[in-house]
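Observations on chain architecture
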Amino acid sequence: QVKKILSFCMIARSGKEIQSYVNLKHREHFRSAILKPLLDEGLLEMLYPNVPNSPKQKYITAKKGKELLKSLEE
C-alpha cells in the first residue's frame, strides 16, 4: 500500500484523494495508521508545512519516498 500511495502522490494530492484512492472509509484510521507514519518517516511531505491543518493542504512524495520507490522497482 505504501508503494501505491507514493506513486499516486508524485502529483500533490489532498488527504481525501489519497484516502479514497486506497479505498479507506474511516478518516481518523487513515490519518493515524497511514498518513502520519508516511509523514513521520519522511516519505511524504506537506505542501504547506507551516499550516498543517489548512483546508488546502496537499501531500506529495518526498525525495526519500522517491528513492524508496526507485529501489522497490529494481
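Scroll up a little and you will see the structure.
The structure presented is a predicted model; accordingly, all values stated were derived computationally and were not measured.

Our next topic: the nonpolar core. Grouped together as the largest cluster of nonpolar side chains are 14 residues, with contacts concentrated most on Ile-5, Cys-9, Ile-18, Phe-30, Leu-35, Leu-38 and Leu-44. Elements that contribute at least two residues to this core include exactly helix H1 (2–8) and helix H3 (27–40). Looking at which element gives the most residues to this core, the answer is H3, with 4 residues. If near-sequence neighbours (up to four positions away) are discounted, Ile-5 is found in contact with Ile-18, Val-22, Ile-34, Leu-38 and Leu-44.

All right, on to the packing of aromatic side chains then. Inspection of the entire model under this criterion finds 1 aromatic pair. Between Phe-8 and Tyr-21, the ring centres sit 3.8 Å apart and the planes meet at 5 degrees, which makes this aromatic pair stacked. In this pair, Phe-8 is assigned in helix H1 and Tyr-21 in helix H2 (residues 15–21), connecting sequence segments 13 residues apart.

Look at H3: 18 Å from first C-alpha to last across 14 residues, which is about the 20 Å you get at 1.5 Å a residue. Along H3, the sharpest kink reaches roughly 25 degrees, centred on Ile-34 and followed within four residues by the proline Pro-37. Those residues of H3 not exposed but buried are Phe-30, Ile-34, Leu-35 and Leu-38. Where H3 is buried, its residues contact H1, H2, strand S1 (44–46) and strand S2 (59–61). The positive-phi residue at the C-terminal boundary of H3 is Gly-42, with phi of around 80 degrees.

What follows is about the layout of surface pockets. Of the voids in this model, the largest pocket is the one considered here, and its volume is about 360 Å³. What lines the largest pocket is a set of 16 residues, among which Gly-15, Lys-16, Arg-27, Arg-31 and Tyr-59 lie closest to the centre. Elements with a minimum of two residues in the lining of the largest pocket: H2 and H3. Top contributing element to the lining of the largest pocket by residue count: H3, with 4 residues. By volume, the second largest pocket amounts to about 180 Å³. Lining of the second largest pocket is provided by Glu-28, Arg-31, Ser-32, Leu-35, Lys-36, Leu-39, Met-46, Pro-52, Asn-53 and Tyr-59. At 6 residues, the largest contribution of residues to the lining of the second largest pocket is made by H3. For the lining of the second largest pocket, the per-class residue count stands at 5 nonpolar, 2 polar and 3 charged.

Rules used throughout
- Residues numbered from 1 in each chain as written.
- Predicted model: local features only at pLDDT ≥ 70, side-chain atom pairs only at ≥ 80, totals over all residues.
- Heavy atoms only, no water.
- Core = buried A, V, L, I, M, F, W, Y, C linked by side-chain atoms within 4.5 Å.
- Buried < 20%, exposed > 50% of the residue type's maximum accessible area, 1.4 Å probe, protein only.
- Helix = DSSP H or I, 4+ residues; strand = E, 2+ residues; numbered from the N terminus.
- Contact = heavy atoms within 4.5 Å.
- Phe/Tyr/Trp six-rings, centres within 6.5 Å; stacked < 30°, edge-to-face > 60°.
- Expected span 1.5 Å × (residues − 1).
- Bend = angle between axes of the 7 residues up to and from the residue.
- 1 Å grid on protein atoms, 1.4 Å probe; cavity = no way out; pocket = protein on both sides within 12 Å on 5 of 7 lines; lining within 4 Å.
- Points joined across faces, edges and corners; volume = space filled by probe spheres on them.
- Nonpolar A, V, L, I, M, F, W, Y, C, P; charged D, E, K, R; others polar.

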